[in-house]
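# Structure at a glance
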Amino acid sequence: MNRREFSKGILIVGTGLGDGSLRDASAGVAGPSGEYYEEPAKRLPVRKFGVVVAGGGTAGVVAAIAAARQGAKTALIEAKGYPGGTVTEGGTALHSFYNLWKAFPGVRKRQVVRGIPQEIVDRLLKVGGCSGHAEMIEGYNYDSVCTCIDTELHKLIMFEMLVEAGVFVCVNTLLAGAIMDGPRVRGVIVESRSGREAFYARSFVDCTAYGDLAAYAGARYTEPNDYAVCNSVGIGNVSIDKYYAFIKANNGVGQLAKGMRSGQPDQIVRAGAEWISVPGLAEGARAIGMGMITTTVHDNYLMFIKCNLKMSVSPTNRDEVAKAELEVRRRMAKAVELFRQYVPGCEKAFMARTSPRLCIRRGRLIACDYDVTLADVLEARHFDDEIMVYGFHDSAPRLQVKNGGTYGIPYKALRVAGIENLLAAGMMITSDHEAHMSTRNTVCCMGQGQGAGAAAALCAARNCGTRDLPYPTLRGALEKAGVYFES
Ligand SMILES: Cc1cc2nc3c(=O)[nH]c(=O)nc-3n(C[C@H](O)[C@H](O)[C@H](O)COP(=O)(O)OP(=O)(O)OC[C@H]3O[C@@H](n4cnc5c(N)ncnc54)[C@H](O)[C@@H]3O)c2cc1C
């Protein structure tokens, strides 16, 4: 088979773009019948914990480790077969452990997120699964620092850290309901092949990204659907050096960062082709919402190429999501084809990894006691109850934290409004779109997870509600666990 035939093969399986003959995932399926089935009541076995964390993703793994290290008997409920979440599925790299100092001459470069998130990086570095904190050196370099990870090693390291901390890790387990006692969550209902069970606890943390637990508990939420859904494809048999040479030759370099790659320091680990205008490639990429920024920690692999799709209907609508899943899979196949066709050195590229399900940056947004505003972020505001500080914004240099400094995430921003013993962490907090462009980033979600997990454990130990925890107790525990606060 020659190169052209090889390329054609993939076009046959995918990318029905503009091809009206291709059917979507729900074609021919009947709608609801209008009849109802009355589900009989069941007796469920109960397990008891101090803290239950729902969702073992970016924020959830850190929350569960923090809660267990704080001494709480902790359970983590994760629907997939591994912990890790969107970090391993959608994002291009971890952004950012550092402040955005570059746009402010004279401002010091500072690592502002430490604690458990940094431990994760250290563990990954030991097994060759991380670029280290790689600084942007060319093009759109206001991003300052990104940290690229091996997604598969990340899943393993997360699992090991959870087990070492003594967390009861329930993977392949769906959170399917909340058991309420007035404004208190008494327990959650979980489903797995071991059956349906009830997990009781004193404190709960919702890290499901979509706020499933909070929604089951009756919390208020909005669902703005103001962002494209997106999946990422990992491409094998390629070279980031050749990719960079190609975009450089075509004046298209938007980003460049160097770090550890396949055991060697000072290698390209992130390259962005945001400014590429090669005819055919640029239009092709636009048609499938392809972001041409990629990262890697391995010589022959591009870790993330993203394909976006703006859904007209809610990303919590199963049938609409099914249509989007199919369309985004077609787009990912097309993305690989574009690499084969246009990027020298990528002629034999193949799809090595795809997101296991549709990824979204904003699903349900849960109402908490405080909603971080864009002014809080841009004005570098601090609070008298903060659980972490953060200094990155996704839209830099257009939106920057004042003077390259940090703002605080207050504890009250994690307390789910109207519920006594439920905290939230991750992309489900912050309703303002542009403030969310900061708080939803991976490293901020991880930091929130540490704050929420520690707080939940302290509440469980005192048998108190989340609003009755004295802040000095929480602050002391976080400082002891290595969390950085602005001095
Ligand atoms: C395409 C894309 C690209 C991005 N790029 C970047 C980037 O380059 N840099 C960056 O810093 N950030 C990036 N982000 C943002 C960042 O990755 C996310 O905002 C962040 O990872 C979300 O973390 P989380 O903990 O809230 O959710 P997640 O990491 O998604 O974790 C939620 C977990 O909960 C589980 N879960 C959900 N519902 C249930 C249930 N009912 N029962 C059991 N388990 C459940 C899920 O399986 C998942 O593991 C990107 C996001 C996307 C979607």
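Just above, that's the structure.
Residues numbered from 1 in each chain as written. Predicted model: local features only at pLDDT ≥ 70, side-chain atom pairs only at ≥ 80, totals over all residues. Heavy atoms only, no water.

The next point concerns the overall build of the chain. Per the secondary structure count, the chain includes twelve helices and 22 strands. A compact globule built from 487 residues should have a C-alpha radius of gyration of about 23 Å, and the chain, at 23 Å, falls within 12% of that. Expressed as lengths along the three principal axes of its C-alpha atoms, the size of the chain is roughly 65 × 65 × 40 Å. Classification of the 487 residues of the chain by burial places 59% in the buried group. Counting only contacts in the chain whose residues sit at least 6 apart along the sequence, the fraction spanning at least 24 positions is 72%. Carbon together with sulfur atoms contributes 50% to the accessible area of the chain, which is approximately 19700 Å² in total. (Helix = DSSP H or I, 4+ residues; strand = E, 2+ residues; numbered from the N terminus. Rg over C-alpha atoms; globule rule 2.2 N^0.38 Å. Buried < 20%, exposed > 50% of the residue type's maximum accessible area, 1.4 Å probe, protein only. Contact = heavy atoms within 4.5 Å. Areas by Shrake-Rupley, 256 points an atom, 1.4 Å probe, with all protein chains shown as cover.)

On to the site of the ligand, then. Of all residues adjacent to the ligand, which total 34 residues, the nearest are T58, E78, T86, T92 and R440. Between an oxygen atom of the ligand and a side-chain N or O atom of T86, the distance comes to 2.5 Å. Note that an oxygen atom of the ligand is positioned 2.6 Å from one of the backbone N or O atoms of R440. Look at the ligand: alone it shows 1000 Å² of surface, and the protein chains cover 97% of it. (Near = heavy atom within 4 Å. Polar contact = N/O pair within 3.5 Å; in protein donor to acceptor, adjacent residues only side chain to side chain.)

Here the focus is the nonpolar core. Of all hydrophobic cores here, the largest spans 104 residues; its most connected members are V51, V52, V188, F199, V205, L422 and L474. If you tally residues by element for this core, the top one is helix α11 (residues 442-462), at twelve residues. Among residues more than four places away in sequence, those in contact with F199 are R47, F49, V52, A75, I77, F168, C170, R186, G187, V188, V190 and F204. (Core = buried A, V, L, I, M, F, W, Y, C linked by side-chain atoms within 4.5 Å.)

Here we come to the sheet that holds strand β17 (residues 301-309). As summarised here, the arrangement of the four strands in space is β15-β17-β12-β18, forming an open sheet in which the pairing is antiparallel. The outermost strands of the open sheet, each flanked by one partner alone, are β15 (290-291) and β18 (350-354). For strand β12 (residues 229-236) and β17, the ladder comprises seven bridges, and the chain directions are antiparallel. For S232, the partnering residue across the bridge sits in β17 and is K306. Strands β12, β15, β17 and β18 of the sheet are contacted by helix α8 (residues 318-342), whose axis makes an angle of about 135° with β17. (Pairing = 2+ DSSP bridges. Axes fitted to C-alpha atoms, helices over the stretch in contact; angles between N-to-C directions.)

All right, on to the pairing of strand β2 (residues 51-54) then. Because side chains alternate across β2, one face comprises the buried residues V51 and V53, and the other comprises V52 and A54, equally buried. Of the pairings in the sheet, the one linking β2 to strand β3 (residues 74-77) comprises four bridges and is parallel in character. Bridging across to β3, V53 finds its partner in L76. Note that the unit made of β2, helix α2 (residues 58-69) and β3 has a crossover that is right-handed. Looking at chain direction, β2 and strand β10 (residues 203-206) are connected through four bridges and run parallel. Bridge pairing in β10 links A54 to D206. (Right-handed = clockwise from strand over helix to strand, strands pointing away.)

Now for the packing of aromatic side chains. Enumeration according to the criterion identifies seven aromatic pairs in this entry. A ring pair is formed by F49 and F168, whose centres lie 5.7 Å apart and whose planes are at 20°; its orientation type is stacked. Of the two residues, F49 sits in the loop between β1 (46-48) and β2 while F168 sits in strand β6 (residues 168-170), which places them 119 residues apart along the sequence. A relative accessible area of 33% means that F168 is categorised as partly exposed. Note on Y243 and F339: the rings are 5.3 Å apart at their centroids and 45° apart in plane angle, and the pair reads as tilted. (Phe/Tyr/Trp six-rings, centres within 6.5 Å; stacked < 30°, edge-to-face > 60°.)

What follows is about the side chain of T147. Mapping T147 onto the fold places it in strand β5 (residues 145-149). A distance of 2.8 Å separates a polar atom in the side chain of T147 from a polar atom in the side chain of H133. Look past the residues within four positions of T147 in its chain and what remains in contact with it is A93, L94, F97, V121, C130, S131, G132 and H133.

This part covers α11. With 21 residues, α11 should reach 30 Å at 1.5 Å per residue; the first-to-last C-alpha distance of 30 Å fits that figure. Among the 21 residues of α11, 19 are classified as buried, and the element is accordingly described as predominantly covered. Where α11 ends, the next residue or the one after it, N463, has phi of about 55°, a positive value. (Expected span 1.5 Å × (residues − 1).)

Let us look at the sheet that holds β10. The strand order across the open sheet built from five strands is β6-β3-β2-β10-β22, with neighbouring strands paired in parallel fashion. Edge positions in the open sheet fall to β6 and β22 (422-424), since each of these has one partner strand only. With direction set aside, neighbouring strand axes in the sheet form an average angle of 15°. The sheet contacts of α2 involve β2, β3 and β10, and relative to β3 the element is tilted by about 170°.

Attention shifts here to the pairing of β5. Most of β5 sits out of view: five of its five residues are buried. Neither face of β5 is left uncovered, since the one carrying V145, T147 and I149 and the one carrying C146 and C148 both have all their residues buried. Here strand β4 (residues 130-139) runs beside β5; their pairing, made up of four bridges, is antiparallel. Bridge pairing in β5 links H133 to T147.

Read these as spatial facts, not as claims about activity.
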